Structure formats: structure tokens, C-alpha cells
Amino acid sequence: MGATKTNNGNIFSKLIKQQLFIPLAALLILIIFNLIMDPSFLKITLGYNNIGNPVLSGYIIRILDNGSEVAILAIGMTLVTAASGGQDISVGAAVAIAGSVLLRVLCGSNTHPETLQAPIIVGFLVSCLVAMLFGAFNGVLVAYFKIQPMVATLILYTAGRSIAAWVNNNELPIISEASFGYFGGYIPGIPVPTPLIIAVACMVAIGLVLKFTNLRLYTQAVGINESSSKLNGLNPQLIKLLSFVILGICVAVVGLIKVSRNSTINYSVIAKDIEMDAILAVALGGNALGGGKFSMAASIIGAYVIQLLTTTLFKFKVPSDALPAYKAVVVIILVVISAPVVREWFSSMIKKFQTKEVA
Amino acid sequence: MSNSALLEMRNIHKSFPGVRALQGVDFTLRHGEIHALMGENGAGKSTLIKVLTGVYGKDEGQISLEGSAVAIHSPQDAQKVGISTVYQEISLCPNLSVAENIYIGRTAGICQNWKKMNDGAEKILRSLEIPAKATQQLESCSIAVQQMIAIARAVDMDCKVLILDEPTSSLDEQEVAKLFKLMRDLKKKGVGIIFVTHFLDQVYEVCDRITVMRDGKLVGEYAIKDLPRVQLVSKMLGKELDDMADIQDEQQAYKREEGAVPVLEAEGLVSDAGIKPFDFHIDKGEVNGFTGLLGSGRSECVRAIFGADRVTGGTVKKNGKPIKIAKPLDAMKNGIAYLPEDRKIDGIVGDLSVRDNLILAQQVLKGFFKPFSKAEANKFADEYIKLLSIKTASADTPIKSLSGGNQQKVILARWLLTHPEYLILDEPTRGIDVGTKVDIQKLVLKLASEGMSVTFISSELDEMLRTCSRLVVMRDRKVVGELKGSDLNQNKVMNTIAGGEK
Amino acid sequence: MKKKVLSVLLSTAMIAALVTGCGNDGSTTASTDNAATKDAATTDNAAEGDAATKDAATTDNAAEGEAATGDAASGELIKVGIINNNPNESGYRTANDNDLKATFTKENGYDASFAYSNDNSEQIAHAQTFIQNEVEYLLLSAADTAGWDSVLTDAQNAGIKVILFDRVIDADESLYEASIVSDMEKEGQTAVDWLKAQGLSEYNIVHLQGVMGTAAQKGRSAAMDAAVAAEGWNIVNQQTAEWNAETAQQIVQSVIDSGESFNVIYAENDDMARGAVAALDAANISHGVGKDVVIMGFDCNKWALEELLNQNWNYDGQCNPFQSSYIDDIIKTLESGGTVAEKTIIMDEKGFDATTITADDVEKFGI
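Here we summarise the structure given alongside this text. All values derive from a computational prediction rather than experimental measurement. (Residues numbered from 1 in each chain as written. Chains lettered and ligands numbered in written order. Predicted model: local features only at pLDDT ≥ 70, side-chain atom pairs only at ≥ 80, totals over all residues. Heavy atoms only, no water.)

### Things to note about the sheet that holds strand β17 (residues 422–426) of chain B
Residues and elements named next belong to chain B.
Alright, step 1. With mixed pairing, the 6 strands of this open sheet are ordered in space as β16-β17-β18-β13-β19-β20. Looking at the sheet topology across the chains shown, the edges are occupied by β16 (336–339) and β20 (478–484). Between one strand axis and the next, the sheet turns by 15° as a mean value, whatever way the strands run.
Alright, step 2. In this structure, β17 lies alongside strand β18 (residues 453–457), joined through 5 bridges in parallel fashion. The residue of β18 that forms the bridge with Asp-426 is Ile-457. (Pairing = 2+ DSSP bridges. Helix = DSSP H or I, 4+ residues; strand = E, 2+ residues; numbered from the N terminus. Axes fitted to C-alpha atoms, helices over the stretch in contact; angles between N-to-C directions.)

In C-alpha cells form, the structure reads like this:
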């Protein structure tokens, strides 16, 4: 009897040590909490939108839809964190730039064009290129000039939204072409929100990259021990730079979704504070913010935990003034319990408890 | 020179968990004396200094200054009683003025009389003949002058005992001469100076007495004229000059094939790590080594060969063909492997698993887009864990949780997996248990017999003598000799290391 | 943590200063976008287009671009220094800046210099510069209400007349000639009165607030809160979407998913109304004139007024950014020796109803 119990305890303590455990547990707890308060929380219904397309709706769909941007950014942020041991705080501003460039290409000189001046794919590729260049700019500062990532990216954080406004001469372009709205809404005939599809595509893409290249090994090695990596023939600078460029691609994708959601842009509020959510996602995933080993899946789940939390707070109509406080409290609890130190402590407590029981 | 004792340390003991760092050490410093504190790595020099300056508390023993016992519990206490330290890295503020640096942190109150301060500083600088102005920004002074200003600051704090911890390692010869002049001036003023250095020549140039330590114990205190260099080296290494006979039997008799082209040949190689240009070659199946005291430049030489430091000159030929090694990857592609001196800093990737650590170098050689499959990686890991009998719970265990010896074996396995033609082992046996040491030595000889060329560096001379058929001897960052055949014995090696008259 | 935040703030300030230093070459990082913008056919004159591209906190002389044209009107130009918030802060600010630039030209007899910053201390520094440069009028839209007393006293001592626009400050009235402002509470009241007049059978309102604590949020929320208390209207949800369209969309989606019914969306700016409408569209809930949900917004963006024109929205309240004509009048009065009757001038602000708005209104009042 005792033996079986010990065995169970071991499995449990092993489970707790798993990096995925905490974000998954947080996700489950929030879902269960919501289910208790509202049994229809998980309900998904198929309806039609105003132009007659089938769309899925329900809280879960909304969470998956609205969490897409942070999830995509979490991918790049995880790599940057792992390689450089710091975070990029300029992603929100960079999203504004990417979105602005995209609109600029699509609208040409007219801010309210009847038809698009260039194919959407061209606009996206240009914005992608620009976002990668800005990523590279941050990357060069961090990798070659050895500036603390948070300080290096502060430059773009401060200047980014002004640059975004400057790209469009401070005008606010609006796109009336319906197909542009597909990326932030629904593609006719497909009831799943497009941002979710894009996010899944990004996850698959990074999954394949991690499987078929050495990105994970190289990034982790550089993040853990730069000097040793160098003596093993790696180029730490290049790998750090690469992580920022990959984050740049993520930024461009998010830029596309963000401007597509509204078919326009507001330079000062678009993707506001999204960098904090992306960093938080990485932290909630139990990844060390000091760099090194990382779990991509945990970061992505962390992103959806944040969205679940936001939606929950909206759902419970938390008063506006108290909203940040509620969020802060939950986040602090989550971050603390997902810290490696605390995880170790938990698992050792469980072991102790188990041995006592057996004795 | 008065002969009365200025500082006396008696029967000092200090233990850290698992290590007895100081065991009954005595140390005496007299007025107006420059006293060298010598010993190899781990001898206990820095622990002794830290006990003296209050960084560590002592477990046992007394310290007395000018005859009366003093209690030193913190660096502030040490400063109060007149013990000042100048470290290798300058711990001043580069963006403040010279005067500010001299007075920082020791003016009473919050008001500051700038004029008085600058005048005072100017006076000190002049009295010590330091070529700097009080109002000059510290940054704009040369390193040597900054070092002197650090000393001036110490001296001005009424210091009776001045500790100089490797102050000369970043100075050139002229700067060293200036520093020595300053030291002699202070000596005339009656200050007792403890001088920690690795440079033998400097010891004999400036010091009056030498205290030698080894393995946390006092070896002895000697007047400089009573201790010839070779004796000093032998005391530091712990080998008596007389008992040289017993080791030579295991000596490798390496026979060079006539007309064979060296596997690697370097000419005038020099890097930015401060070594003098050197020539080097190694043949197929040969085991050779770099020897010399710590800091003599032996690691820097092999780092230059591997491209680990920035190479600033010289040519390298591999199997007779000129090659260019600008970075480690170039060396790796040319079949060179390098096990670095500092396992923790340059070797292991702590949080990664044993498996990932093991395949790292080979994986980098294979390329970014061609990762090993899980099965392949596991196969390599299992193979080498078995081959080198690495004790680990599994291949998934993070390498940092292994013991030092097993970590070293993983790093060794990492490089063996790349099947190098030329393997450089820099202190592969440092800090690991005796059993593993022997394993590694045996492995080196086995690899060589299979045709691999190996350069082996160790602080332990007998280890070197047992494994190497040729030794390159270094002193003060220069290659000063090469020994082989019958010259490979302790006496000869120590004489060469010591250099000079004897 | 606190320390970190502080250091981040400090560094921000430092970098902002840095950006100021090299403001004139734009930003080095932006060079790639340069080509894309070059061919833009701007309708603005050269000086305007130039100024619009400048980074935050750049002082530039609008007259510079027109120096070649020489004096146009009367021989003596009136020298004014204008301190405004960053034009890309919002559409409102852009319109406000363009309006000022269009009025204070050499043709109209002004020699105007502009300075932008969203940082109060930087604005004060700009003010001091203007005082040194001996401007005759200092026009100010303060970033923060506090801290202006001493610099405005300096201005007064130097004989410089100060006119506040858009924002009020906590300083003695004697320190400035006039203050031209919007009355946010009045804007809210106009909107709420309009809503009351619709005579809906029931009022189930989703109230989307701006960033809490801002003047616009406080004024526009106050009117609604008062009406809810007085009329017994039902607030389905009242939350801040922080002026953000996407957040507004999420909040409205959340209300829809909860299954609660509502028939009014009162959004405190156009962006949030737009986000709300996107959520309604996705859920196939009709909105606009004669439809299920009444949509109300503020600020009168041109695109928002077009929505009104298309009857997709019902109401849009104006927040008038065009203070320059008021300022111009005051300066003219003062120059001719007259006095300003009222210190505080509240601008006319309209509320547009989708049933009565005309295409001309869109052109005239859209920003």
C-alpha cells in the first residue's frame, strides 16, 4: 500500500517539476473557476456574422482569438530571452511601425483608398522586412555593442510610435477593402477566427524550425554559457541577432493582425503594453528571464493564460479603476509559483509529505 | 631597515566546507620590507590575504600589528588599523578626478572643501612622484598611473601594511619599473609591503623576503639571497630537486618518423592575450606539453592555436598546408579540439543535459540545418558514457549536477566525438579525483598510440613528465626552452622554468 | 522592482533627451521607411509636412520653410511661441496642430515657432527658450496641470502674453490672458441629452471609458453617470477600454458572450466605438439608425462622421480641436489695445445625429 503511494507521490512531484505544469495548472484553475461561475463558459456556438459568414463564438473562441497576438510574440520573445538573457520592450512600438508600413504600402498616397494600391502580400512582405530590420537594429545593439537588452530596446520603445506616425505622415489611413479584414476577422466560409489560424500556423512553423534546425540547442547554449559556446564554434553574437530578427517576423505578423482587426491604426494605442504581456507569457511559462533553457510550448500557454485572465476580468465586469490591481495580484501569484525555486520547493515538500506518510 | 616585526600572523586556520584552505599558517612582515607571497593556484595566498583584510573571518589564530593584537572583522576594520589593499583590477571610479578618487568615501560630513582636497591630492601625488594632476579625470591616466593612484590612496590612509595583489599583470615593462620605484620609496618610509605576483623576475628584482605557501600550508620564509630561483620553483611545486629519479621509467619514447610533416606547425603566433610570439609544432601521434608557472602564458599559447583569443600575427600550417584560424570554428574544421582550462566558465553548458553537452561540438561542425536525430544523439551519449565510464543518472541529467571529474569526462567526450587529429587538453586533471586523473592520462597515451596528436597542460609536473615526450617551457609569457629525451626530468624542467643564473 | 521601474524611467528620459539631440535627421532607425514616404503627395505646405515628421520634443521653426517667400502681409510680424503635445498622440492632436500651423503663418502676420512634448518638464524648458527668444505671445497646451507658475511669472515679467489652449493649468488666472478649452462635461451632457431625447423604451447601456483619470474620461463619464442615476437607466457594463479599439472590441464581445442584452453603446471616443461595432458585426447584431443598438462616439474623426452619414452609427460628439481662430481673435484684440472679456473661453462643440448630418458637415468638422 505504502509503496504504491510513494510511487504516486513521485509521479506527482515529477509532474510539478515539469515546466509545462504551472502554466497548464493556471489555465485549468482559471477555466474551472469560470465554469463554476458560469457553466456555459466552454460553450461554443456557430452563428453568422453581419455579412452572412459562419462564425464560431463563445468565450473560449474569443480567448483563442484575442490571445493570438501575445502568443505569436511570445514565440519570438522566448528566443530573445533565452539567447540574450533579457527582454525586448520595444515590440509594441515595433508592431505600430510594422502596421503603419503595411497600411502605407496598401494605401499609397491616399489615406482612404477605394481599392488597395498593392497586393496585401506585398504590403506584408515589406512590413516584415522593416520589422526584421528593426529587430536587427535591436539585435546589433545587444549582441555587438553588449547593451542590456532592456536598455537597447528602450530606444525603439521611445521612438517607435513616432516613427510609425511619421511613416504615414501622421495621417490615419483606413482601408475599406473587405478582404483586408479577413486577417483579423473571419475568412468567408471558415468559422474559425483567422488570428487563431495564423497563430497556429506560427506555432507549427516554429515547431518545425525547432525540430529541423539546431535553433534550440544553439540558443540555449549561448544563453547558458556564452564563452563555452564560443569555444564550441558557435557565434554567440549571430545567434542573439537571429533571435531578434525572428522576433521581428513575429512582430510583422502581429502588426498584420492588429491593423486588420480594425482596418486602421492608432499609433499611440495599437498594441499598447503588449510587450509586457509577451514578457509575462514567457515568465508564466516558467522560463528563466535570465536566459538559457526554454520551453516554447510553456510560453505559448502562458500567453493564453494572460488572455484568459483578461477575458475573465472583463466577464466579471471588474470596475475600471480596479482592473489593473486584480490583474497584478493574479499575475504575481502565477509568476511566483512558476518560479523554478518555488517549483523545487513544492516538489520537495510533496516528497517529504510522502515519506512521512510511508513512515 | 629595522628588523622589528610590523605584522605578525600566527597559526592561522581557515576552512570552507570540504576544504581546509589554511592550516596553521604563520606570516611575518617587518617594517620597511617588501615581502613576496608565493605559491601556485590553491596554495592559499588569496585566502590568507582575505583573512588579513577582513573579507573572511579566521577560524583560529592571532593577528598582531606592531606588537598588539588586532581584531579584523571587516575590510573597514583592516583599513582602520592601517592595512590597505590594491587589487589587480583597479577598483577606483574612472569618471571621477584623481583627487576625488584619493579622497572618496573618507571625508567627514557632507560638505567638501574642493580646493583643500585638490591641494592635498596634489601634495600626495608630488611626494610620491606620480605623474598625474589632482584635477585630471582618472580615466585619462595610464593603467600604471591609475594603479599608483590606488596606492597613493592607500598610503594616504595612514597605511602601515600595503598589500599589492598582482598589480603588475596588466602593466608593460616601463610601467612596472615606475611602480617598483614607488614601492621602494614607500619602503624607505617604513611601510611594509606584501607583494603577490607570479612573475619570478619581479620578485627577485624588488623583494627582500619570500614566504612560500603550498596546499594551504606554510612552506617557509626565506631571505631573498638565501633562496635561488630554482629552489623557489621547487618549493612552490613541492618537488625536491634531489628525488628526481623515480618517475622517469614511464617516460614515453616517442620516435619521430624521418621526414614526416608536422600535423600542426605555427610560426610567430601571437594573440591579444599578452603573450610573446612563439613557434610550435606537433607531429602525428606525439604528446607534448606546455609547462611553466601559473600565469606564464601556457594557456594563452594553446588558446592562440585554437583561435580562442584574437590572433594578431603568425602563420599556421596543418600537414604542411597553410591554414587560417581566426575563430574556434576554423580550428574545429581543421580537426583541432580544445578542452579549456576553466571547465565551469569555458567548458560545460551547465543547464543543458549531458547528451546536449556531449554532442555540442560535433553538432556545430555538422551545421545548423542538420540536427542529430534523438536516436543518434542518444547513441553517441550512451557510447561515450560507457566508453569513459561517466557516472550520471542518465543522459538527460543536467551536466551541472555531475561531479567535476565526470563533467570533465563529458567535455572530453564532446571533443573525442569530433574525431580530432589534434587534441589540446588544458588542465584536464585540475580539481578532479585521483582515479579520474589516472584515467585521463591513460586515455591520452592510448589516443596518441592510435595516431592522435595531443598537447597536454597540467600544473602537476609529474603528470606532465609521465605523459609528454616533449615539453615547451614558458616563463613570463615567453617560450624559454624546449625539453625532450633525457632532459625530461624535474631538475631540468624546474631549472628552465626558473631561468636566471642557476 | 521599484528600482527597476525608476531606472527604466530615468533611462527613458535620457533617451528622450538623446532623441531631441539628433531630432533633425529624423531617426536613424527610420531610414528604411524613408523611401516609402518620399513619394507621398502631401497637401500640406512644405513647412507643415516637415514638422509633422519630426520626432517628439523637437523644437522647430515653422517659418523656416517659408523664409524664402519673405514677408507677405504687414511689415511687422507678431512673434509667437507655440508649445503643444506631440501631434501623433491622437487624431485630435494632429488636427489641432495642423489647424495652428495653418493659422499662424507669415501670410497671416505671424512669426511662429513650434515645440512639441508630452512631458511637462520638457515643455517648461521649451517655454524658457521661447522667453529667451523674446516671443510676444506664448501659446500653451500643457502636458500636466502643475508646475507652471514660475515660468509663467518669468514670461509675465518679460512682457510676454500667455494664452492657454485645450488644456487648463493650476496657476493663477492673472498669469495668462485667456484659456480656450473644451468643456468635456458639456460634451458628455450634450450626448446624454441627445440619448434621452431618443425616447428608447428601455436603456441598457454598455459604457466604454477612456483612460481613467483623463479630463475627457472624467467629463464624459460624469454626464453618463448622472443620467443613469437620474433616469434609472441600466448599465450593462461599464469598463475602461483605454481609448483602444481592440480592448473595446474584447469588452463588447465579452458582453455578447454573456448573453446579456443591450441597446446602447456609449463609447468615449471614436476608436472604441469602432471596436465595439466590429464585435457587433461579428455577432451579427445590427446597429445604427433604426437598428438594434445605438452607437455613440466622440471626437468627430472624419471616418466616424462617414459612419454617421451611412447611418451605421447614431451619434458623434465633437471635441473641437480648432482653437486657432479663437486665439487669433484674442491676439488681434490685444494688439489693437482691447481687453479680453472672459478669461476662460469655452468653444462651441456640436453633437452630430446620423439622421441630420450632411456631407458638408463631414468635410467641415471631420478631423
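Still more ground to cover, so stick around.
### Things to note about the interface of chain C and chain A
Alright, step 1. With 55 residues of chain C at the interface, the matching set in chain A holds 55 residues.
Alright, step 2. Both sides of the chain C and chain A interface together cover about 4700 Å² of buried area, and 54% of this is carbon and sulfur.
Alright, step 3. Linking C:Glu260 and A:Lys317 is a salt bridge whose minimum nitrogen-to-oxygen distance equals 2.6 Å.
Alright, step 4. At the boundary of chain C and chain A, one finds 14 residue pairs in polar contact (both at pLDDT 80 or more).
Alright, step 5. Secondary-structure elements contributing two or more residues to the side of chain C that touches chain A are α1 (2–21), α2 (31–38), α3 (46–53), α4 (91–103), β8 (234–240), α9 (245–258) and α10 (270–282) of chain C.
Alright, step 6. Split into classes, the residues belonging to the side of chain C that touches chain A amount to 17 nonpolar, 27 polar and 11 charged. (Contact = heavy atoms within 4.5 Å. Buried area = accessible area lost by both parts, 1.4 Å probe. Salt bridge = Lys/Arg side-chain N within 4 Å of Asp/Glu carboxyl O. Polar contact = N/O pair within 3.5 Å; in protein donor to acceptor, adjacent residues only side chain to side chain. Nonpolar A, V, L, I, M, F, W, Y, C, P; charged D, E, K, R; others polar.)

### Overview of a nonpolar patch on the surface
Alright, step 1. Taken together, the side chains of A:Leu28, A:Ile32, A:Phe33, A:Ile36, A:Met37 and A:Phe316 present a nonpolar region at the surface, about 600 Å² in accessible area.
Alright, step 2. Among the residues examined, A:Met37 registers a relative accessible area of 48% and is labelled partly exposed. (Patch = residues over 30% accessible without salt bridge, like charges linked within 9 Å, V, L, I, M, F, W, Y side chains within 5 Å. Areas by Shrake-Rupley, 256 points an atom, 1.4 Å probe, with all protein chains shown as cover. Buried < 20%, exposed > 50% of the residue type's maximum accessible area, 1.4 Å probe, protein only.)

### What to know about the packing of aromatic side chains
Alright, step 1. Counted by the stated rule, this structure contains 17 aromatic pairs over all chains.
Alright, step 2. Relative to A:Tyr59, the ring of A:Phe41 lies with its centre 5.4 Å away and its plane at 20°, an arrangement referred to as stacked. Here A:Phe41 is found in the loop between α2 (21–37) and β1 (45–48), whereas its partner A:Tyr59 is found in helix α3 (residues 59–66), with 18 residues between them in sequence.
Alright, step 3. Summarising the aromatic geometry, the rings of C:Phe104 and C:Tyr110 are spaced 4.6 Å apart at their centres and angled 70° between planes, so their arrangement reads as edge-to-face.
Alright, step 4. Owing to a relative accessible area of 4%, C:Phe104 belongs among the buried residues under this scheme.
Alright, step 5. Residue C:Tyr110 is classed as buried on the basis of its relative accessible area, which comes to 1%.
Alright, step 6. Feature note: the residues A:Tyr218, B:Phe368 and B:Phe369 constitute an aromatic cluster, connected by ring pairs.
Alright, step 7. Lying over the aromatic face of A:Phe212, A:Lys211 brings its terminal NZ or CZ to 5.8 Å of the ring centre.
Alright, step 8. Over the face of the ring belonging to C:Tyr176 we find C:Lys343, whose NZ or CZ atom lies 5.7 Å from the ring centre. (Phe/Tyr/Trp six-rings, centres within 6.5 Å; stacked < 30°, edge-to-face > 60°. Lys NZ or Arg CZ within 6 Å of the ring centre and 35° of its normal.)

### What about the interface of chain A and chain B?
Alright, step 1. With 20 residues of chain A in contact, the opposing surface of chain B contributes 29 residues.
Alright, step 2. Both faces combined, the contact of chain A with chain B buries some 1900 Å², and carbon together with sulfur accounts for 62% of it.
Alright, step 3. If you sort the residues of chain A by the area they bury against chain B, A:Leu217, A:Leu231 and A:Asn232 come out on top, with a joint share of 33%.
Alright, step 4. Taken together, the links from chain A to chain B amount to 0 salt bridges.
Alright, step 5. Run the count over chain A and chain B and you get 10 residue pairs in polar contact (both at pLDDT 80 or more).
Alright, step 6. When contributions to the side of chain A that touches chain B are tallied by element, the ones reaching two or more residues are α8 (194–212), α9 (215–224) and α10 (226–231) of chain A.
Alright, step 7. At 6 residues, α9(A) tops the list of elements feeding residues into the side of chain A that touches chain B.
Alright, step 8. Tallied by class, the residues present in the side of chain A that touches chain B amount to 9 nonpolar, 8 polar and 3 charged.

### Some details on helix α14 (residues 404–416) of chain B
Residues and elements named next belong to chain B.
Alright, step 1. The terminal C-alpha atoms of α14, which comprises 13 residues, lie 18 Å apart, in line with the 18 Å expected from a rise of 1.5 Å per residue.
Alright, step 2. Extensive coverage of α14 is indicated by the burial of 12 of its 13 residues.
Alright, step 3. All buried positions along α14 are accounted for by Gly-405, Asn-406, Gln-407, Gln-408, Lys-409, Val-410, Ile-411, Leu-412, Ala-413, Arg-414, Trp-415 and Leu-416. (Expected span 1.5 Å × (residues − 1).)

### Observations concerning the packing of helix α5 (residues 91–107) of chain A against helix α6 (residues 120–143) of chain A
All names here are of chain A.
Alright, step 1. Packing of α5 against α6 brings their axes to within 8 Å, and their N-to-C directions diverge by 145°. In terms of crossing hand, the pair formed by α5 and α6 is right-handed. Along the contact surface, α5 presents Ile-97, Ala-98, Val-101, Leu-102, Val-105 and Leu-106, while α6 presents Ile-120, Val-122, Gly-123, Phe-124, Val-126, Ser-127, Val-130, Ala-131 and Phe-134.
Alright, step 2. Along the lines of polarity and charge, the residues of the contact of α5 with α6 split into 13 nonpolar, 2 polar and no charged. (Left-handed = near helix turned anticlockwise from the far one by under 90°.)

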